[in-house]
Amino acid sequence: MSATARKKAPNAEDIRARKGGVPLVSLTAYTTPMARLMDTYCDFVLVGDSVGMVLHGLESTLGVTMEMMILHGQAVARGLSTAMMVIDMPFGSYEENPAQAFRNAARLMAETGAGAVKLEGGVEMAETIRFLVKRGIPVMAHIGLTPQSINTLGGYKVQGRDEQAETVMADACAVAEAGAFSVVLEKVPQGLADRITEQVAIPTIGIGASAGCDGQILVVDDMVGFFTAFKPKFVKRYAELGPLAEAAIADYAAEVRARTFPADEHVFADQAPAKGPKT
């Protein structure tokens, strides 16, 4: 391979083939600069509908629109060259019927360049997943805690304990059989997540699940400490950038009010500096 050769971004089948191998690495991204930072390190980057809460101040993901997802998807795409981009289908864009789901999934992929879409739901979404996959739309499934269903789940609760375990297992088997190339397990008990990972033939991507999953994903603003409104149990803070940014803003405000910023090195003289003789 030449020194200038560039690693090719994986596609859905490449991700599927990683089942049981080196764990897959993923983070969410919503902007070009953040996508550039994670491109080298992630196997796939998710343009998550969590953008509604993280960047737009919404109380849940339910208010996120197709237009918001497309705008942020286009921004993320500009920052990626070696990681695959997956994009969330927002609430209300796919649940009505498979035809509605296809129209919106095709639009998301066409207008953003995403390599796949992600949608929430298990057994009840199997028909839709099958419909999309047969028509050329790679689908990442999402089961367990599905944030778009918080009003029926009763909040952000662990899913799959006790008698719920077999329901979540059935969801995992259904989406795998329908043709999803991977499945996100959110807030699923560790033992159940391990059982699902052993049983299904597609990679499992954990978020609040188990280190035994085939990969992991976190919301990047949670992981680096930019989003501080709350901190889920499953989030590890690898940095505390929020407090650092706040301190920098406070220093800037103090210097502006004291007229110590801008200093001489930050402003321009009335006369352009004389140019020296050409050599």
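Our subject is the structure that appears above.
A short tour of the structure in this document, coming up. It should be emphasised that the depicted structure is a prediction, and the values quoted were computed from it without experimental measurement.

Parameters and conventions
- Residues numbered from 1 in each chain as written.
- Predicted model: local features only at pLDDT ≥ 70, side-chain atom pairs only at ≥ 80, totals over all residues.
- Heavy atoms only, no water.
- Helix = DSSP H or I, 4+ residues; strand = E, 2+ residues; numbered from the N terminus.
- Buried < 20%, exposed > 50% of the residue type's maximum accessible area, 1.4 Å probe, protein only.
- Contact = heavy atoms within 4.5 Å.
- Areas by Shrake-Rupley, 256 points an atom, 1.4 Å probe, with all protein chains shown as cover.
- Lys, Arg positive; Asp, Glu negative; His and termini not counted.
- Charge placed at Lys NZ, Arg CZ, Asp CG, Glu CD.
- Axes fitted to C-alpha atoms, helices over the stretch in contact; angles between N-to-C directions.
- Parallel < 35°, antiparallel > 145°, perpendicular 65-115°, else oblique.
- Left-handed = near helix turned anticlockwise from the far one by under 90°.
- Nonpolar A, V, L, I, M, F, W, Y, C, P; charged D, E, K, R; others polar.
- Salt bridge = Lys/Arg side-chain N within 4 Å of Asp/Glu carboxyl O.
- Pairing = 2+ DSSP bridges.

**Quick notes on the overall build of the chain**
Link 1 in the chain: Looking only at helices and strands, the chain features eleven helices and eight strands.
Link 2 in the chain: Each principal axis of the C-alpha atoms in the chain carries an extent, and together these give about 75 × 45 × 35 Å.
Link 3 in the chain: The buried share of the chain, taken over its 279 residues, is 48%.
Link 4 in the chain: The long-range fraction of contacts in the chain, counting pairs at least 24 apart against all pairs at least 6 apart in sequence, stands at 59%.
Link 5 in the chain: Approximately 14800 Å² of the chain is accessible, and the part contributed by carbon and sulfur atoms is 56%.
Link 6 in the chain: Separation of charge centres in the chain, based on 26 positive and 32 negative side chains, amounts to 5 Å.

**Examining the packing of helix H5 (residues 98-112) against helix H6 (residues 126-134)**
Link 1 in the chain: Close contact between H5 and H6 brings their axes to 9 Å; oriented N to C, the two are set at 50°. On the basis of their axis angle, the class for H5 and H6 is oblique. Once H5 is placed against H6, the crossing between them reads as right-handed. On H6, the residues that touch Pro98, Ala99, Ala101, Phe102 and Ala105 of H5 are Glu127, Thr128, Phe131 and Leu132.
Link 2 in the chain: Split into classes, the residues belonging to the contact of H5 with H6 amount to seven nonpolar, one polar and one charged.

**Here's the deal with the pattern of salt bridges**
Link 1 in the chain: Taken as a whole and judged by the stated rule, the model has nine salt bridges.
Link 2 in the chain: For Lys19, the salt bridge identified is with Asp214, shortest N-O distance 2.8 Å. Of this pair, Lys19 sits in the loop between helix H1 (12-16) and strand S1 (24-28) while Asp214 sits in the loop between strand S7 (204-207) and strand S8 (215-218); the two residues are 195 residues apart in sequence, bridging distant segments of the chain.
Link 3 in the chain: Judged by its relative accessible area of 25%, Lys19 falls in the partly exposed class.
Link 4 in the chain: Residue Asp214 is classed as buried on the basis of its relative accessible area, which comes to 6%.

**Describing the packing of H6 against helix H8 (residues 165-178)**
Link 1 in the chain: Two elements in contact, H6 and H8, have axes separated by 8 Å at closest approach and are oriented at 20°. Taken together, H6 and H8 sit at an angle that is classed as roughly parallel. In this structure, the crossing between H6 and H8 has a hand that is right-handed. Here Ala126, Ile129 and Arg130 of H6 lie close against H8, whose contacting residues are Ala174, Val175, Glu177 and Ala178.
Link 2 in the chain: Of the residues that constitute the contact of H6 with H8, the class distribution is five nonpolar, no polar and two charged.

**A word on the pairing of S1**
Link 1 in the chain: Counting buried residues along S1, four of its five residues qualify, which places the element largely inside the surrounding structure.
Link 2 in the chain: Direction of pairing for S1 relative to strand S2 (residues 44-47): parallel, over a ladder of three bridges. Looking across to S2, one finds that Leu27 is bridged to Val45.

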